[in-house]
Amino acid sequence: MSVQSAGTCPTIPNVNGVDKIVYAVSRSGTGASDFDIYSMNIDGTNQQQLTCSTYNNYQPAWSPDAKHIAFYSNRDGFEQIYVMDANGANQRRVTSDTNRNTQPRWSQPDGNQLIYVATDSAGKVTIKLINVDGSNPRTINISAISSRIGNNIRPDFMPTGDKVAF
């Protein structure tokens, strides 16, 4: 298996189906926190670097149609949610606030929204929902079903899209 150097970000064709995986890894060898996102075939071949930065890019998640990848990065100072095409092109920021926004997951089955965890400067953890274009950010009220607000992490949509698990 060959891995592209950090100086160039090659592109891969948009995937159709689940024949590729995405993952985050630091390949600097320095122990520094400089994670980038890669994709590869499920058999481990054709590794492709999708992000190229000295910052952290974590927790990639495929859109339901496998044409986009959501992830979070601290490239702008705070951990924020980003979306890119499956080939690494058109990286764009979705969230814009001072929270630490992590753990993005796509709405099912349409992929029009992202659910994620937001942690404010006081350490309060909330689950939020936002349209993929960055509009209409909102907090999901989970207090009626859980008294452990600070421990509700890893939200994800059920495959039918009508419920959220966390």
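Preceding block: the structure.
Each chain carries its own residue numbering, running from 1 in the direction its sequence is written. Selection of residues for local features in this predicted model requires a pLDDT of at least 70, selection of side-chain atom pairs for listing and counting requires 80 or more, and totals for whole chains, interfaces and linings are taken over all residues. Excluded from the side-chain calculations are hydrogens and water; all other atoms, namely the structure's heavy atoms, are used.

Attention now goes to unusual backbone geometry. The amide bond that connects Gln108 to the next residue, Pro109, takes the cis arrangement and shows omega of -10°. Only DSSP runs of H or I covering at least 4 residues are called helices, and only runs of E covering at least 2 are called strands; the numbering of each starts at the N terminus. Mapping Pro109 onto the fold places it in the loop between β8 (100-106) and β9 (113-119). With a phi close to 60°, Ala66 is a non-glycine residue in the positive phi region. Residue Gln103 is not a glycine yet carries a positive backbone phi of 60°. One can find Gln103 in strand β8.

Below, the discussion takes up the side chain of Gln49. Mapping Gln49 onto the fold places it in strand β3 (residues 48-49). Pairs of N or O atoms are called polar contacts if they sit within 3.5 Å, as long as, within protein, a hydrogen donor faces a hydrogen acceptor (for residues adjacent in sequence, only side-chain-to-side-chain pairs). Reaching out from Gln49, the side chain makes a polar contact with the backbone oxygen of Thr51 at a distance of 2.9 Å.

Positionally, Gly44 belongs in the loop between β2 (36-41) and β3. When the C-alpha positions of Gly44 and Lys20 are compared, they lie 9.0 Å apart, and in sequence the two are 24 residues distant.

Turning our attention to the environment of Gln49. For the exposure calls, accessible area comes from a 1.4 Å probe over protein chains only, and a residue counts as buried if that area is under 20% of its type's maximum, exposed if over 50%, partly exposed in between. Residue Gln49 is classed as buried on the basis of its relative accessible area, which comes to 0%. Between the C-alpha atoms of Gln49 and Asp36, which are 13 residues apart in sequence, the distance is 7.3 Å. A polar side-chain atom of Gln49 sits 3.4 Å from a polar atom in the side chain of Asp36.

Here we come to the nonpolar core. Soluble globular proteins tend to bury their nonpolar side chains together. Grouping buried Ala, Val, Leu, Ile, Met, Phe, Trp, Tyr and Cys residues that are joined through side-chain atoms within 4.5 Å yields what is termed a nonpolar core. The biggest cluster of nonpolar side chains holds twelve residues, and these are Ala61, Ala70, Tyr72, Ile81, Val83, Val94, Trp106, Leu114, Tyr116, Ala118, Ile130 and Val132. With three residues, β9 is the single largest residue contributor to this core. Contacts are assigned to residue pairs with any non-hydrogen atoms lying within 4.5 Å of each other. Beyond its immediate sequence surroundings of up to four residues, Leu114 is in contact with Ala70, Ile81, Val83, Val94, Arg105, Trp106, Lys128, Leu129, Ile130 and Val132. In this structure, Val22, Ile37, Phe71 and Tyr82 belong to the second largest nonpolar core, which totals seven residues.

Another aspect to go through is the pattern of salt bridges. Basic side-chain nitrogens of Lys or Arg form a salt bridge, by our definition, when they fall within 4 Å of a carboxyl oxygen of Asp or Glu. Applying the stated criterion to the full structure yields three salt bridges. A salt bridge links Arg93 to Asp76; the shortest N-O distance between them is 3.2 Å. Of this pair, Arg93 sits in strand β7 (residues 92-93) while Asp76 sits in the loop between β5 (68-73) and β6 (80-85), placing them 17 residues apart in sequence. Of the residues examined, Arg93 reaches a relative accessible area of 33% and is grouped as partly exposed. Judged by relative accessible area, which is 43%, Asp76 ranks as partly exposed. Between Glu79 and Arg100 there is a salt bridge, with its nearest N and O atoms 3.4 Å apart. Taken together, the residues span a long stretch of sequence, with Glu79 in the loop between β5 and β6 and Arg100 in strand β8 at a distance of 21 residues. Looking at Glu79, the relative accessible area reads 22%, which means it is partly exposed.

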